[in-house]
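Chains, contacts and geometry: an overview
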Amino acid sequence: MLAPTWAQAAEEFPSRPINFICPWPAGGTADQSMRAICQVAARILKQPIAVENKAGAAGMIGAKAIAAAKPDGYTIGQIPISVTRFSQLGSLQADPLKDFTYIARTSGQTFGIAVVPESKFKTLQDMVAYAKANPGKVSYAHAGVGGATHVGMEEFAMAAGIQLNAIAYKGGAAALNDTLGGQVDMLADSSSWAPHVEAGKLRLLATWGEQRTPRFNNTPTLKELGFKVVVDAPNGIGAPAGLPADVEKKLRDAFRFAVNSDEFKTVASRIDAPLMYLDGPDYKKYVAQMFQHESKLIERLKLKELLAKG
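What you are looking at is a predicted structure, and each value in this text was computed from that prediction instead of being measured.

1. What about the overall build of the protein chain?
Looking only at helices and strands, the protein chain has 11 helices and 11 strands in total. Projected onto its principal axes, the C-alpha positions of the protein chain cover 70 × 40 × 30 Å. In the protein chain, which comprises 310 residues, the proportion classed as buried is 54%. The long-range fraction of contacts in the protein chain, counting pairs at least 24 apart against all pairs at least 6 apart in sequence, stands at 77%. Total accessible area computed for the protein chain in this model is approximately 13,900 Å², and 52% of it derives from carbon and sulfur atoms. For the protein chain, the distance from the average position of its 34 positive side-chain charges to the average position of its 29 negative side-chain charges is 2 Å.

What follows is the structure, given as structure tokens:
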């Protein structure tokens, strides 16, 4: 793929470094992928892109900072698709349909359900059968009420016609530790379980993507098992609303090239992040579709009431 080129202009963007807000802690999978993609985009734009971690509130602190920034192209960042849910739940004081300029959808996440090797659940079907006979007795750990792991698991439970006991943690690491320690029956998380599955310390019952994950190709998807649930929580890159058209085009061109670069593909493969590229306008349409989907889920799962209970 050839790098994009642009004609010179009197005040050509960018003429100075760009600040990139990553709404997650440094060192995590999202941070790794964004640093890789920014390195490539920086070469195309011929200016450094400095990654700034603004973690907290399930990614919403960083998302709010992007929406509130000056729309000149010098502050951009990662926008998790969960803005469509948390804006409706009141955790994000921004409108995902009006307050962002969408540049590119980049890659998704691999979610799954895992148990310890000693678990009586050898397959997902075993768990579903037991849960039907014992409503509310099967527990699972997730990374917080309203997050992708909680909402995805409850959507699956509805599709399976079962009632599970959801145990909320303040993050995936704590949920993983208690699953390994036997305090809960199952873990619902993104690929924090991957090294433990490979080491034989956890057994993966199912993944949540549209297709099987290459590294765990023997594990079926929820969809394969007959449950019409796909959760991949794709991330994207955006800027504040009101970006000048020429600036938006340059950023879209640069990140299109970066997403399709071998460097980014290598990092994405290592962290089990399937490539899900969409150009800015198509990404915006996808966000609008997800907003409607999340509206229905919030109502069906009574998420506002759950959050109010703490």
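2. Looking at the pattern of salt bridges
Scanning the entire structure with this criterion turns up 15 salt bridges. Between Lys54 and Glu52 there is a salt bridge, with its nearest N and O atoms 3.5 Å apart. With a relative accessible area of 29%, Glu52 lands in the partly exposed category. A salt bridge links Glu224 to Arg212; the nearest nitrogen and oxygen atoms lie 2.7 Å apart.

3. Looking at the pairing of strand β5 (residues 111-115)
Within β5, 5 of the 5 residues are buried, which leaves it mostly tucked inside the rest of the structure. Residues Phe111, Ile113 and Val115 line one face of β5 and the alternating positions Gly112 and Ala114 line the opposite face, and both faces are buried. Summarising the sheet, β5 and strand β8 (residues 186-190) pair through 4 bridges and their orientation is antiparallel. From the neighbouring strand, Ala114 faces β8, where its bridge partner is Leu187. Relative to strand β9 (residues 203-207), β5 is paired through 4 bridges, and the arrangement is antiparallel. By the bridge assignment for β9, Gly112 is matched with Thr207.

4. Concerning the sheet that holds strand β11 (residues 275-279)
An order of β2-β1-β3-β10-β4-β11 is seen for the 6 strands of this open sheet, with the pairing classed as mixed. The sheet is open, and its two borders are formed by β2 (49-53) and β11, each paired with just one other strand. Sheet twist, expressed as the average angle between the axes of neighbouring strands with direction ignored, equals 30 degrees. One ladder, built from 5 bridges, connects strand β1 (residues 18-22) with β2; its direction is parallel. When the sheet's bridge partners are listed, Phe20 is paired in β2 with Val51. Sheet strands in contact with helix α8 (residues 245-259) are β1, β2, β3 (75-80), β4 (100-107), β10 (235-240) and β11, and its direction is about 5 degrees off that of β4.

5. Description of the nonpolar core
Counting residues in each nonpolar core, the largest one holds 49 residues, and the members touching the most others are Leu124, Met127, Phe156 and Leu164. If you tally residues by element for this core, the top one is helix α10 (residues 280-301), at 7 residues. The contact partners of Leu124, leaving out residues within four places of it in the chain, are Ile113, Phe156, Leu205, Ala206, Leu222, Leu225 and Phe227. Core analysis: the second largest hydrophobic core is formed by 34 residues, Ile103, Ala239, Val247 and Val267 among them.

What counts, and at which threshold
Residues numbered from 1 in each chain as written. Predicted model: local features only at pLDDT ≥ 70, side-chain atom pairs only at ≥ 80, totals over all residues. Heavy atoms only, no water. Helix = DSSP H or I, 4+ residues; strand = E, 2+ residues; numbered from the N terminus. Buried < 20%, exposed > 50% of the residue type's maximum accessible area, 1.4 Å probe, protein only. Contact = heavy atoms within 4.5 Å. Areas by Shrake-Rupley, 256 points an atom, 1.4 Å probe, with all protein chains shown as cover. Lys, Arg positive; Asp, Glu negative; His and termini not counted. Charge placed at Lys NZ, Arg CZ, Asp CG, Glu CD. Salt bridge = Lys/Arg side-chain N within 4 Å of Asp/Glu carboxyl O. Pairing = 2+ DSSP bridges. Axes fitted to C-alpha atoms, helices over the stretch in contact; angles between N-to-C directions. Core = buried A, V, L, I, M, F, W, Y, C linked by side-chain atoms within 4.5 Å.

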